[in-house]
Structures are given as C-alpha cells and as structure tokens.
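# Structural overview
Below, each chain spelled out in residue letters.
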Amino acid sequence: MADLVPSLFLCLIFLIVNAHKMEAKGFIKQWPREGTTKFYDFKVQTKRITKLCNTKEIVTINGMYPGPVVYAQEDDRVIVKVTNESPYNATIHWHGVRQRLSCWSDGPSYITQCPIQSGQTFTYEFTLVQQKGTLFWHAHVSWLRGTVYGAIVVYPKTGIPYPFIHPYQEHIIILGEYWLRDLVQLEQSVIASGGAPPPADAFTINGHPGPNYNCSNNDVYKIDVVQGKTYLLRLIHAGLNMENFFAIGNHNLTIVEADGEYTKPVTTDHVMLGPGQTLNVLITANQPIGRYSMTMGPYMSARNVSFQNITSIAYFQYSGAAAAAKNKKKKKKKKGKANLNDTLPLPAPLPKFNDNLAAKTIMDGLKSLNNQTTSGMPKEIDKNLFITIGLNVNKCESSSSSSSSSSSSSRRRRENCQGLNGGVMAASMNNISFIKPNNISLLEAYYNNINGYFTEDFPDFPSKFYDFVNGAPNNAPNDTNSLNGSRTYVVEYGTRLQIIFQDTGTVSTENHPIHLHGYSFYVIGYGFGNYNSDTANFNLLDPPYMNTIGVPAGGWAAIRFTADNPGVWFMHCHLEIHLSWGLSVVFIVKNGQGPLETLPHPPTDMPRC
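Residues numbered from 1 in each chain as written. Predicted model: local features only at pLDDT ≥ 70, side-chain atom pairs only at ≥ 80, totals over all residues. Heavy atoms only, no water.

### So, the environment of valine 271
Among the structural elements, valine 271 can be located in strand β16 (residues 271-273). In contact with valine 271, other than residues within four places in its own chain, are Leu235, Asn244, Phe245, Phe246, Leu253, Ile255, Leu279 and Ile362. (Helix = DSSP H or I, 4+ residues; strand = E, 2+ residues; numbered from the N terminus. Contact = heavy atoms within 4.5 Å.)

See below:
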C-alpha cells in the first residue's frame with residue numbers, strides 16, 4: 001500500500017501534464033458552458049396547402065408552416081438532427097447565433113457546408129454562449145427560406161428576470177411573403193431572365209395572409225388579449241424580398257430588444273423590419289374592448305420597382321370583443337342603422353411605402369440597455385473597411401457569328417437580358433458580385449488548403465470614389481458592370497474592425513439589410529447622403545448590438561466588432577434577390593492561440609456535394 005500511493009500520485013501528475021499537452025495540441029476544443037442540452041429533430045418535408053384560392057406543395061420542417069420553435073436558455077447546447085425528406089437540397093442557418101467555435105454548423109450553402117441532399121441527414125450543434133432573446137432559423141439554399149423558417153427563443157438563465165416589466169403573455173409574430181409559384185423554380189427563372197423578380201402574391205403574419213386577399217377571410221392569425229394586461233411580441237421578419245412596416249391599431253409598441261440584445265425602451269406607433277431583423281416589443285391592452293388590426297405593409301425604398309401593395313392583417317382581439325360587437329350591432333339594428341362594418345377591426349395606419357425617414361427614425365431610437373464603457377466594443381480599430389453596396393446592370397452578351405446557330409444563341413441571350421436597358425441585373429459590394437462555388441464549401445476549401453475556389457483579395461475600399469448617392473453612373477453609355485469573383489477578406493484573429501457601408505445609386509438608392517454570420521456588431525453610426533468622416537456622428541457610448549443592419553437608402557452605416565471567432569463567415573444583403581445577384585462577401589478569420597481560438601475539425605457527418 002505504501003508503494004501504491006506514490007504510484008497514484010505520479011499517475012495523477014502524468015494525466016494533468018498530458019491533458020495540458022492535449023489541450024495545447026487542439027484535441028480539447030469545446031466552448032465552456034453552464035447550460036443544459038436541447039435536442040430537436042427536423043424533417044425537411046413537402047406539404048400540400050391551400051392559400052389564395054390555390055393548392056400547392058411547399059417545403060416545410062415537420063410539416064409545419066411556419067416551422068417549429070426552438071426553445072433554449074442562455075449558454076444551452078442545441079443539437080438539431082436534420083433529415084432531408086424533400087426532393088430539394090436543404091440547409092438550415094441559425095440566424096443570429098454567433099456560432100462560437102461551431103462554424104461548421106452555421107448553414108449557408110456552399111459557404112460553410114454542402115447542402116443536405118435528398119435522403120441525407122446532418123446534425124447541427126452549437127452553444128448559445130452569452131446569448132438570449134429572439135432569433136430565428138431558416139433555409140439557406142435557393143429561395144427555400146420563403147417557407148422554411150421558424151423562431152428561436154432563448155430565455156435568460158433561471159432566476160434572472162427580464163430588464164422590463166414581466167409580460168402577462170408572450171407571442172411570436174413572424175412576418176413573411178407567400179408566392180403561388182414554386183420557389184425553387186421561381187429563383188431559377190428569375191436568374192435566367194436577367195431581370196427582377198415578380199412581387200409576392202401576399203404578405204403573411206405567422207403564415208396567414210389575412211382578409212384582404214382572395215379566399216382568405218378565415219385565413220387570419222389572431223391574438224386574444226385581456227384588457228389591462230401587457231404582452232411581449234417577438235417580431236421576426238422572415239420575408240424574402242420586401243421590407244415591411246408593422247403596427248397595431250390605436251396601440252403603441254415599446255421596443256425592448258433588437259436582434260437578441262436588450263435595448264433602452266423606445267415607444268413608437270409603428271416599426272420597420274427588413275428580412276433577417278427581429279424586435280421584441282411590449283404592448284399594453286389599454287384601449288376600449290374591441291378588435292384591432294395588426295397590420296403588415298410594404299416599405300419599398302427603391303425606385304421603379306413593382307411590389308405587393310396589399311397589406312396583411314391579423315387580429316389583436318380583446319376578451320369580450322365579440323359580445324360587445326354583437327350588442328352594438330343589436331342596438332343599431334333596433335334604430336334601423338345596422339352596419340356590417342361595426343364588426344371590422346379598427347385599422348392600423350402605416351407610413352407611406354417609400355417613407356425613408358419613418359424607417360430611419362426607428363433606428364434613431366435604438367440604444368443598448370447598458371453603456372459600452374466596459375463592453376467588448378472596440379474603442380480603437382486595426383482595420384477600416386469602406387464597402388459600397390448596390391445594384392448593377394451588366395451588359396447583355398451578343399453573338400459574334402451570323403450562322404443560324406448564332407442567331408438562336410443571340411435570341412436566347414436577348415430573352416435572358418430583361419434587366420434595365422436590356423442588360424442583366426447584378427448586385428455587388430465594392431463593385432464585386434460574389435460567386436459561390438457549386439461543388440465544395442468555402443469552409444472546406446479553406447480548412448483543407450484546397451486552391452482554386454476563392455481568392456483573398458477583396459479590397460478595403462472601392463476602386464474609385466465619386467458622389468455615390470447622387471452621381472452614380474446609372475445611365476448608358478456609362479459602365480454599370482460589376483466584376484465577378486469568389487473574393488474573400490482575410491483577417492488575423494483578434495483584429496478590431498470598423499466597416500462603413502455606403503449605399504449607391506448606380507441603379508437606385510435602396511435600404512439594404514446587411515447580415516453578418518458568426519458575429520453581432522455595434523452600430524456606431526448611420527445617416528443619409530455620402531459618408532463623411534469629418535461630419536459623421538458616432539455613438540460610442542451605448543450603440544445597439546445587432547446582427548443585421550438596414551443601411552439607409554441613399555445613406556451609410558458604420559459598425560464595429562472584434563474578429564474573435566475563427567472560421568469562414570458570410571456577410572450579405574438579406575433581400576434574397578440581391579443575394580442571388582451577388583451582394584455578399586466572405587470573411588475568413590484565422591485561428592488564434594490555443595483551443596478556444598482555433599476552428600475545430602469538421603463533424604464526421606458533413607454533407608458532401
């Protein structure tokens with residue numbers, strides 16, 4: 001026994017030393033966590049539904065539209081097994097999840113993974129490190145996210161209250177768009193045409209168009225409320241190609257969270273969300289008993305673009321409203337003044353569809369709940385990027401031969417050049433339209449040092465400066481072409497980045513919701529016109545911490561963040577047509593030192609192209 005004690009002691013020393021060696025070599029690469037593990041089983045399935053007088057098949061998760069809610073708490077581990085039972089390729093992106101050391105589970109097709117092919121399975125795993133609030137998930141391949149989406153609700157840790165009045169109830173409100181056409185075929189035909197997409201056939205609130213559309217009188221979402229109670233609405237914009245105003249008749253909304261981060265309370269009578277944005281708002285049922293409209297209407301900041309102009313309506317209905325309306329109707333009938341409109345919901349007026357100031361005013365009020373003097377916002381910066389964003393019109397190809405086959409080719413090209421001035425529509429950052437590979441993911445190519453799939457030369461600045469807003473070369477014979485390429489921007493671990501986004505008027509000024517995967521960022525400034533460093537007003541005290549920023553139409557926005565999460569991260573406009581046209585770029589963040597700064601090995605079940 002006397003000899004056994006020293007032996008056990010030496011064994012313990014050996015294990016401790018080798019554990020440190022294993023950690024140093026990167027064998028132990030798991031973000032420390034305190035939460036539990038939540039398991040979800042997602043099946044990508046087609047489902048036959050009837051809307052707008054039309055029956056069609058849509059792609060869903062578990063046959064649900066919208067899809068199932070992912071519930072978790074801060075610091076929880078989330079594991080989602082996705083089985084593709086549809087005939088289409090599929091991926092799921094966990095929008096707003098910062099994916100600490102889990103880049104392989106981020107989800108954008110051909111960026112961090114090959115799509116999950118029909119009949120295949122892939123398991124996503126990530127930890128919600130220091131995250132809480134309202135996020136969402138959606139498909140990130142083709143235009144499938146038009147129907148494949150759902151909420152992520154991350155509650156604070158047990159015992160930690162909200163920093164605002166505890167609501168009587170919580171409700172998830174997902175804004176969307178609905179097309180009668182098959183979305184995969186729609187994207188293919190739009191890209192092949194070279195022109196713009198058609199408007200959506202309807203806006204939806206939690207999948208319901210509401211009574212303003214054909215065959216939809218009973219296809220209406222409704223919230224039943226009790227007079228005097230306060231409710232928390234988790235607003236999510238999951239639409240494809242439109243931004244939208246939202247309001248509730250005769251009621252104010254108090255914003256308390258944006259993109260999963262608490263804000264100082266801001267009270268308003270309407271909000272504007274672009275695709276990819278989330279807001280938590282408080283609403284108190286403090287009006288006379290009745291039925292009030294929850295209205296979703298268009299915000300279209302671009303010029304000369306067709307869009308859906310019929311609003312979607314849901315009901316914010318007080319308990320007792322039906323009985324009150326019935327009694328009111330009886331009284332009027334006795335007086336000979338019965339009117340069917342007595343039962344209609346009280347309307348919710350919205351700003352004009354092109355009211356850029358109304359959209360920007362919402363952003364003006366957003367401030368982080370806490371001052372950033374002790375936060376992670378970079379006070380100094382290492383890299384300053386200036387990125388122009390906007391649309392392009394590329395020249396239509398022309399035939400070079402007079403043969404009959406050439407004539408056919410020319411005719412085909414003309415049919416595929418339905419953009420402005422007979423060109424092909426494109427979109428770009430710093431005049432570069434991003435091209436994704438189609439037989440490998442960029443993350444796999446980067447991780448395995450496979451050459452030929454991307455370059456590392458995305459520029460810090462546009463090639464030339466001019467009056468981006470008012471003097472853009474948007475008329476022939478000026479060159480409005482963009483360059484094409486899989487250009488990436490590579491940064492060292494820990495780099496403190498500042499990015500200025502500048503909207504351009506090459507085709508039309510437009511509000512662009514720019515989303516960054518793998519990170520949230522501090523929105524330190526924004527404004528109309530061309531960015532001017534001498535006059536720009538930055539908020540370095542309490543800027544909001546977001547993952548999607550609406551760059552104002554004909555304006556600019558400035559963000560800061562520290563590149564402390566290694567991997568390959570997509571940054572793109574969340575208007576799906578702009579993404580298809582190339583308005584995106586990829587950031588490659590190199591490994592740092594040690595296991596908590598190093599990209600782990602890929603999962604064994606990564607899908608193959």
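### Comments concerning the state of the cysteines
For the structure on display, the rule yields 3 disulfides. The disulfide partner of cysteine 53 is cysteine 215, and the S-S distance across this bridge is 1.8 Å. Its torsion about the S-S bond being 95°, the disulfide of cysteine 53 and cysteine 215 is classed as right-handed. One end of the pair, cysteine 53, is in the loop between β1 (37-51) and β2 (54-61); the other, cysteine 215, is in the loop between β10 (202-205) and β11 (222-225), and 162 residues separate them in sequence. Among the residues examined, cysteine 53 registers a relative accessible area of 48% and is labelled partly exposed. The side chain of cysteine 114 participates in a disulfide bridge whose partner is cysteine 609; the two sulfur atoms lie 2.0 Å from each other. Its S-S torsion of about -90° marks the bond between cysteine 114 and cysteine 609 as left-handed, since a negative value means left-handed. Here cysteine 609 lies in the segment after β32 (584-589) and cysteine 114 lies in the loop between β5 (92-95) and β6 (121-127), a separation of 495 residues in the sequence. Counting its disulfide-bonded cysteines in sequence order, the protein shows a connectivity of 1-3, 2-6, 4-5. (Disulfide = S-S within 2.5 Å. Buried < 20%, exposed > 50% of the residue type's maximum accessible area, 1.4 Å probe, protein only.)

### As for the packing of aromatic side chains
Under the defined criterion, the tally for this structure stands at 29 aromatic pairs. Summarising the aromatic geometry, the rings of tyrosine 231 and phenylalanine 316 are spaced 6.4 Å apart at their centres and angled 85° between planes, so their arrangement reads as edge-to-face. Taken together, the residues span a long stretch of sequence, with tyrosine 231 in strand β12 (residues 230-237) and phenylalanine 316 in strand β19 (residues 312-318) at a distance of 85 residues. Grouping residues by exposure puts tyrosine 231 and phenylalanine 316 together as buried. (Phe/Tyr/Trp six-rings, centres within 6.5 Å; stacked < 30°, edge-to-face > 60°.)

### Some words on the sheet that holds β12
Pairing in this open sheet of 6 strands is mixed, and the strands run β10-β9-β12-β17-β14-β15 from one edge to the other. This sheet does not close on itself; its edge strands, each paired only once, are β10 and β15 (261-268). Averaged over all adjacent pairs, the angle separating strand axes in this sheet is 25°, with direction ignored. The sheet contact formed by strand β14 (residues 253-258) and strand β17 (residues 278-284) spans 4 bridges and is antiparallel. Along β17, the bridge assignment pairs glutamate 257 with asparagine 280. (Pairing = 2+ DSSP bridges. Axes fitted to C-alpha atoms, helices over the stretch in contact; angles between N-to-C directions.)

### Observations concerning unusual backbone geometry
Omega for the peptide link from tyrosine 65 to proline 66 comes to -5°, which places this bond in the cis form. The topology assignment puts proline 66 in the loop between β2 and β3 (70-73). You will see that leucine 101, though not glycine, has its phi angle at about 60°, which is positive. You can see leucine 101 is positioned in the loop between β5 and β6. For leucine 101, a relative accessible area of 9% corresponds to the buried category. The phi dihedral of tyrosine 110 falls on the positive side, at around 65°, and the residue is not glycine. Structurally, the position occupied by tyrosine 110 is in the loop between β5 and β6.

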